[in-house]
Amino acid sequence: MFDRKGILAYCAILASCVAGGFGLSPWTIVASACVLMLISMSNHDGVIARLGGGATAQASAMMSTVLNAAWTSGAAFVVGMSIGYVWGLR
């Protein structure tokens, strides 16, 4: 089945990797992380309900989403930078 959220997440990670490879601005990490956070937050209703629905559950779900998106985008950028150095793009 066609999954728009999965393709959008893939494109966000790919954009961060390509930006790192071609030596573009590191602000693409922030843009990519924002897209990944929005995709992930759209699925939090079921997770928060299973955790009890309290303020602590909401805060922990939000913090894990922020950290996961930032780590993923940053890692893709660093991998892109290393690929750029290997291929001689930088």
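Residues numbered from 1 in each chain as written. Predicted model: local features only at pLDDT ≥ 70, side-chain atom pairs only at ≥ 80, totals over all residues. Heavy atoms only, no water.

A. Representation of a nonpolar patch on the surface in the model. On the surface, Y10, L14, V18, F22, L24, V79, I83, V86, W87 and L89 cluster together to form a nonpolar patch covering roughly 1000 Å² of accessible area. When residues of the nonpolar patch are traced back to their parent elements, those giving at least two are α1 (4-21) and α4 (55-87). If one sorts the elements of the nonpolar patch by residue count, α4 sits on top with four residues. Judged by its relative accessible area of 69%, V86 is exposed. (Patch = residues over 30% accessible without salt bridge, like charges linked within 9 Å, V, L, I, M, F, W, Y side chains within 5 Å. Areas by Shrake-Rupley, 256 points an atom, 1.4 Å probe, with all protein chains shown as cover. Salt bridge = Lys/Arg side-chain N within 4 Å of Asp/Glu carboxyl O. Helix = DSSP H or I, 4+ residues; strand = E, 2+ residues; numbered from the N terminus. Buried < 20%, exposed > 50% of the residue type's maximum accessible area, 1.4 Å probe, protein only.)

B. Focus on the confidence of the model for the protein. Taken residue by residue, the protein gives an average pLDDT of 89. The fraction at 70 or more is 97%. Across the protein, element-level confidence peaks in α1 with a mean pLDDT of 95 and bottoms out in helix α3 (residues 44-50) with 71. (pLDDT = per-residue confidence, 0-100.)

C. Representation of the packing of α1 against helix α2 (residues 27-41) in the model. The interhelical angle for the contact between α1 and α2, taken along N-to-C directions, is 165°, at an axis separation of 9 Å. It follows that α1 is roughly antiparallel to α2 by the angle criterion. Note on packing geometry: the crossing formed by α1 with α2 is left-handed. In this structure, α1 contributes K5, L8, A9, A12, I13, S16 and A19 to the contact, and α2 contributes T28, I29, S32, V35, L36 and I39. Class assignment of the residues belonging to the contact of α1 with α2 gives a composition of nine nonpolar, three polar and one charged. (Axes fitted to C-alpha atoms, helices over the stretch in contact; angles between N-to-C directions. Parallel < 35°, antiparallel > 145°, perpendicular 65-115°, else oblique. Left-handed = near helix turned anticlockwise from the far one by under 90°. Contact = heavy atoms within 4.5 Å. Nonpolar A, V, L, I, M, F, W, Y, C, P; charged D, E, K, R; others polar.)

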